[in-house]
Amino acid sequence: MISHPSRHCTVELQALPSRIGQVRRIVSAQLRYWHMHALIDRASLGVTELLTNVHLHARPDKTCTVEIELLLERLTVSVRDHDPRLPVVDDAEPLATCGRGLAMVAAMSESWGARPDGESGKVVWFTLPTCAGFAPVAARPPRRLVEEVPAAVFAEAEHAVDLGSPQPAPARSAVAG
């Protein structure tokens with residue numbers, strides 16, 4: 001069991017693409033400082049998705065606050081904006097290029113949710129456990145066994161394809177100029 005006091009970090013910003021990358025770097029640096037390296041990828045992905053939603057959907061403005069809090073065995077990442085409309089998780093079509101952000105947050109986190117924040121805003125949040133071995137079941141692909149292939153199959157394939165005599169590749173310089 002990890003025993004440390006509450007740790008907290010807050011960043012206010014306009015949810016613009018350039019600022020989203022900056023916040024992702026701030027979250028990563030803060031987690032490294034707290035020695036929570038195993039959480040960096042999932043926390044960065046989650047905060048990116050939540051800030052992208054603010055950028056794409058929040059009205060009347062894109063102003064928001066990102067808060068990360070490390071309390072005992074749990075990291076909570078939350079994004080507060082000024083749009084009272086709560087997010088809706090849609091079933092994205094297989095070829096859709098958007099609409100999967102909250103489903104990804106749900107799959108990679110321990111829990112997530114959204115709640116009204118006063119009369120003119122909301123908070124969308126997710127949690128990650130600090131224990132090292134956590135991987136959400138929903139995010140794990142099914143395990144597949146790799147069948148052994150006899151070497152004879154590779155030999156047959158080699159003879160079936162005539163590769164001709166090998167030719168050396170032309171030399172190229174790695175230096176531009």
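What counts and how
Residues numbered from 1 in each chain as written. Predicted model: local features only at pLDDT ≥ 70, side-chain atom pairs only at ≥ 80, totals over all residues. Heavy atoms only, no water. Pairing = 2+ DSSP bridges. Helix = DSSP H or I, 4+ residues; strand = E, 2+ residues; numbered from the N terminus. Axes fitted to C-alpha atoms, helices over the stretch in contact; angles between N-to-C directions. Contact = heavy atoms within 4.5 Å. Salt bridge = Lys/Arg side-chain N within 4 Å of Asp/Glu carboxyl O. Buried < 20%, exposed > 50% of the residue type's maximum accessible area, 1.4 Å probe, protein only. Polar contact = N/O pair within 3.5 Å; in protein donor to acceptor, adjacent residues only side chain to side chain.

S.K.: Any chance you could break down the pairing of strand 3 (residues 74–81) for me, citing the residues and the numbers?
M.R.: Two elements, strand 2 (residues 63–71) and strand 3, share eight bridges in a ladder whose sense is antiparallel. The residue bridging Leu71 from the neighbouring strand is Arg74, located in strand 3.

S.K.: Give me the sheet that holds strand 4 (residues 111–116): which residues, what numbers.
M.R.: Taken together, the five strands give an open sheet; going across it, the order is 1-2-3-5-4, and neighbouring strands pair in antiparallel fashion. Only two strands of the sheet have a single partner each, and these edge strands are strand 1 (7–14) and strand 4. Direction aside, the axes of adjacent strands within the sheet are offset by 15° on average. Direction of pairing for strand 4 relative to strand 5 (residues 122–129): antiparallel, over a ladder of six bridges. Note that in strand 5 the partner of Ser111 across the bridge is Thr127. In the packing of helix 2 (residues 40–57) onto the sheet, the strands contacted are strand 1, strand 2, strand 3 and strand 5, and the crossing angle to strand 5 comes to about 170°.

S.K.: Account for the pattern of salt bridges, with residues named and values stated.
M.R.: If you walk through the whole model with that rule in mind, you get five salt bridges. The salt bridge partner of Glu110 is Arg74, with a shortest N-O separation of 2.5 Å. In this pair, Glu110 is assigned in the loop between helix 3 (101–108) and strand 4 and Arg74 in strand 3, connecting sequence segments 36 residues apart. Residue classification places Arg74 among the partly exposed positions, given a relative accessible area of 33%.

S.K.: Account for the side chain of Glu49, naming residues and giving values.
M.R.: If you trace the backbone, Glu49 turns up in helix 2. For Glu49, the contacting residues outside a window of four places in its chain are Gly101, Met104 and Val105.

S.K.: Hey, could you go over the side chain of Asp81 for me, with residue numbers and the actual values?
M.R.: Among the secondary structure elements, Asp81 is positioned in strand 3. The class of Asp81 is buried, set by a relative accessible area of 5%. Here Asp83 takes part through its backbone nitrogen, which lies 2.9 Å from a polar atom of the side chain of Asp81. Of note is the side chain of Asp81, whose polar atom sits 3.0 Å from the side chain of Lys122. Leaving out residues up to four positions away in the same chain, Asp81 has contacts with Val54, Ala58, Thr63, Cys64, Ser120, Gly121 and Lys122.

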